Amino acid sequence: MHHDTQLRAAAKAIYDEVYPSDDWSPLPFEDAERYGTIHYRQVVGAAQRAKAVLSGDEVQLLLPAVL
């Protein structure tokens, strides 16, 4: 995700907010990214959805859920 710096920054912000301490996730964002942990994959999905909503593409995201 290094090619999309805005998406990576959004994912890091979400990660830091949702997993604020070692009690929530044992790894800092950079390590979670390196190892592709479930926590990392969840925040990437959240960042992608947030980006779509903010850009007005949320209808495309919801369409597969309706079908």
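Residues numbered from 1 in each chain as written. Predicted model: local features only at pLDDT ≥ 70, side-chain atom pairs only at ≥ 80, totals over all residues. Heavy atoms only, no water.

Along the chain, Pro26 turns up in the loop between α1 (5-18) and α2 (29-35). C-alpha of Pro26 to C-alpha of His39: the two residues are 13 residues apart in sequence and 9.8 Å apart in space. (Helix = DSSP H or I, 4+ residues; strand = E, 2+ residues; numbered from the N terminus.)

Now for the pattern of salt bridges. The tally for this structure, following the rule as stated, stands at four salt bridges. For Lys51, the salt bridge goes to Asp4, with nearest N and O atoms at 2.8 Å. Within this pair, whereas Lys51 is found in helix α3 (residues 38-55), its partner Asp4 is found in the segment before α1, the two being separated by 47 residues in sequence. Among the residues examined, Lys51 registers a relative accessible area of 41% and is labelled partly exposed. With relative accessibility at 18%, the residue Asp4 sits in the buried group. (Salt bridge = Lys/Arg side-chain N within 4 Å of Asp/Glu carboxyl O. Buried < 20%, exposed > 50% of the residue type's maximum accessible area, 1.4 Å probe, protein only.)

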